[in-house]
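# Observations on chain architecture
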Amino acid sequence: MNDMTALPIALFDSGVGGLTVLKALRQCLPHEDLLYLGDTARLPYGTKGPETIVRYTLLAARMLVGRGAKMLVVACNTATAAALPTLQEALAPLPVLGVVEPGARAAAAASRNGEIVVIATEATISGGAYQQAIVRIRPEAQVRGRACTLFVPMAEEGLMHGPLAEGLAHHYLDDIFNPALTAPRPDTLLLGCTHFPLLQTALQNVVGPQVHIVDSAATTAACVSERLAQTNLLRPADRPGTSHFMTTDNRARFVRTGSLFLGERLHNADVELVDL
Ligand code: DGL
């Protein structure tokens with residue numbers, strides 16, 4: 001094993017949402033060590049302007065890779081959409097991967113009729129990164145973006161199912177998915193925010209069973225795996241991988257909401273409080 005293969009993969013998100021990506025990475029690469037930072041002190045990023053998001057993201061990424069990492073995964077759609085090229089340049093030659101391109105690829109592949117709806121934070125939708133990435137891959141696609149700001153706190157509150165979640169989904173999506181109002185009807189809904197996979201059942205109930213719902217977690221994990229293999233950076237399969245968690249504020253809340261996103265119980269001792 002060379003020195004680089006032994007290093008962890010660093011993951012960054014504005015909060016706990018990126019744990020959906022960490023979970024997919026664990027499944028895809030069970031022998032890799034993972035170092036996760038959630039910048040909960042500055043959450044949400046999704047309602048901030050692009051310069052602020054770039055500034056926060058650089059700060060967090062530098063701190064995280066300063067711990068030693070062989071790759072950085074920007075497990076936050078808002079940070080990827082606003083800051084990926086800046087990060088890649090600032091941290092070169094470290095490989096830096098985001099979630100937008102993998103998500104766009106998954107949506108372009110899933111859609112039969114090319115009518116795709118992306119839901120994400122206000123910053124991600126207004127920057128147009130997903131819309132542009134999908135059209136680059138599938139030029140005839142018709143892509144509509146919709147900012148769904150309130151899904152972020154809903155998911156963190158654990159309000160993923162039932163009338164509140166479905167009511168909010170109706171509020172945001174009825175004008176696009178109601179068959180009486182639109183034609184042709186979108187057949188694919190891309191979850192362009194790390195929080196939204198938790199609302200998948202409620203969303204499916206609202207948009208109907210014929211709509212494919214895709215997110216970027218699994219395709220991002222596959223891209224990471226591919227890149228590690230290409231660059232000979234895969235860790236040998238000599239022991240199970242470990243996960244280390246860091247947060248910039250309120251460890252108890254990270255533990256509580258993080259457990260929801262990870263689908264397993266986190267404990268205070270698992271999470272390190274850090275300052276940037
Ligand atoms: N992690 C963010 C994203 O994926 C959502 C939360 C936020 O607004 O910071 O876009």
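Residues numbered from 1 in each chain as written. Predicted model: local features only at pLDDT ≥ 70, side-chain atom pairs only at ≥ 80, totals over all residues. Heavy atoms only, no water.

### Details of the overall build of the protein chain
When helices and strands are counted, the protein chain shows twelve helices and ten strands. Taking 2.2 N^0.38 as the reference for a compact globule, 276 residues should give roughly 19 Å; the C-alpha atoms of the protein chain span a radius of gyration of 18 Å, in line with that estimate. Once the C-alpha set of the protein chain is aligned to its principal axes, its extents read approximately 60 × 40 × 35 Å. Expressed as a percentage of its 276 residues, the buried residues of the protein chain come to 55%. As displayed, the protein chain offers around 11500 Å² of accessible surface, 54% of which is attributable to carbon and sulfur atoms. In the protein chain, 22 positive and 25 negative side-chain charges are present, and the distance between their average locations comes to 1 Å. (Helix = DSSP H or I, 4+ residues; strand = E, 2+ residues; numbered from the N terminus. Rg over C-alpha atoms; globule rule 2.2 N^0.38 Å. Buried < 20%, exposed > 50% of the residue type's maximum accessible area, 1.4 Å probe, protein only. Areas by Shrake-Rupley, 256 points an atom, 1.4 Å probe, with all protein chains shown as cover. Lys, Arg positive; Asp, Glu negative; His and termini not counted. Charge placed at Lys NZ, Arg CZ, Asp CG, Glu CD.)

### Topic: the site of the ligand
Close to the ligand lie 13 residues, the nearest being Asp13, Ser14, Tyr45, Gly46 and Thr78. In this structure, a nitrogen atom belonging to the ligand sits 2.8 Å away from a side-chain N or O atom of Asp13. With respect to the ligand, the side chain of Ser14 contributes an N or O atom lying 2.6 Å from an oxygen atom. Within the complex, 99% of the 300 Å² of free accessible area of the ligand lies under protein. (Near = heavy atom within 4 Å. Polar contact = N/O pair within 3.5 Å; in protein donor to acceptor, adjacent residues only side chain to side chain.)

### Some points on the state of the cysteines
The final tally for this structure, using the stated rule, is zero disulfides. The structure places no disulfide on Cys28, whose sulfur is separated from the nearest cysteine sulfur, that of Cys223, by 9.6 Å. Judged by its relative accessible area of 14%, Cys223 is buried. (Disulfide = S-S within 2.5 Å.)

### Some details on the sheet that holds strand S7 (residues 188-191)
Read across the sheet, four strands follow the order S6-S5-S7-S8 without closing on themselves; strand pairing throughout is parallel. With partners counted over all chains shown, the strands left at the sheet margins are strand S6 (142-147) and strand S8 (212-215), one partner each. Neighbour to neighbour, the strand axes of the sheet diverge by 25 degrees on average, direction disregarded. Relative to S8, S7 runs parallel, the two being bridged by four bridges. Bridge pairing in S8 places Leu191 opposite Asp215. Of the strands in this sheet, strand S5 (115-120), S6 and S7 are in contact with helix H7 (residues 129-137), which crosses S6 at around 165 degrees. (Pairing = 2+ DSSP bridges. Axes fitted to C-alpha atoms, helices over the stretch in contact; angles between N-to-C directions. Contact = heavy atoms within 4.5 Å.)

### Some thoughts on unusual backbone geometry
For the peptide bond that leads from Leu43 to Pro44, omega is 0 degrees, which places it in the cis range. With respect to the helices and strands, the residue Pro44 is situated in the loop between strand S2 (34-38) and helix H3 (50-66). Omega for the bond connecting Ala92 with Pro93 falls within 30 degrees of zero, at 10 degrees, which places this linkage in the cis form. Among the secondary structure elements, Pro93 is positioned in the loop between helix H4 (77-91) and strand S4 (96-97). The phi dihedral of Asn232 is positive, around 55 degrees, even though this residue is not glycine. In the Ramachandran plot, Asn250 falls in the positive-phi region, its phi being about 50 degrees despite a non-glycine side chain. Tracing the backbone through its elements, the reader meets Asn250 in the loop between strand S9 (243-247) and helix H12 (251-262).

### A short note on H7
Buried residues of H7: Ala129, Tyr130, Gln131, Ala133 and Ile134, and no others. Structurally, H7 contributes buried residues whose contacts are with H4, helix H5 (100-110), S5, helix H6 (122-127), S6 and S7.

### Notes on the packing of aromatic side chains
As enumerated under the stated definition, the model contains seven aromatic pairs in all. Seen from their ring centres, Tyr36 and Phe254 are 6.2 Å apart, and the 55 degrees between their planes marks the pair as tilted. Here Phe254 lies in helix H12 and Tyr36 lies in strand S2, a separation of 218 residues in the sequence. Both residues of the pair, Tyr36 and Phe254, count as buried. Relative to Phe254, the ring of Phe245 has its centre 6.5 Å away and its plane inclined at 50 degrees; by these criteria the two rings are tilted. Exposure class is identical for Phe245 and Phe254. Each is buried. (Phe/Tyr/Trp six-rings, centres within 6.5 Å; stacked < 30°, edge-to-face > 60°.)

### Section: the pairing of strand S3 (residues 71-74)
Regular strands show a simple pattern: their side chains alternate between the two faces of the sheet. Alternating residues of S3 divide into Met71 and Val73 and Leu72 and Val74, and every residue in both groups is buried. Handedness of the S3-H4-S4 crossover: right-handed. (Right-handed = clockwise from strand over helix to strand, strands pointing away.)

### Concerning the sheet that holds S3
Spatially, S4-S3-S1-S2-S9-S10 is the arrangement adopted by the six strands of the open sheet, whose pairing is parallel. With one partner strand each, in any of the chains shown, S4 and strand S10 (271-273) form the two edges of the open sheet. Inspection of the sheet shows S2 paired to S9 by five bridges, in the parallel sense. Residue pairing across strands places Gly38 opposite Thr247, the latter belonging to S9. Most of the contacts of H4 go to S3, to which it runs at about 165 degrees, and overall it touches strand S1 (9-13), S3 and S4.

Purely geometric stuff here, so don't read any function into it on its own.
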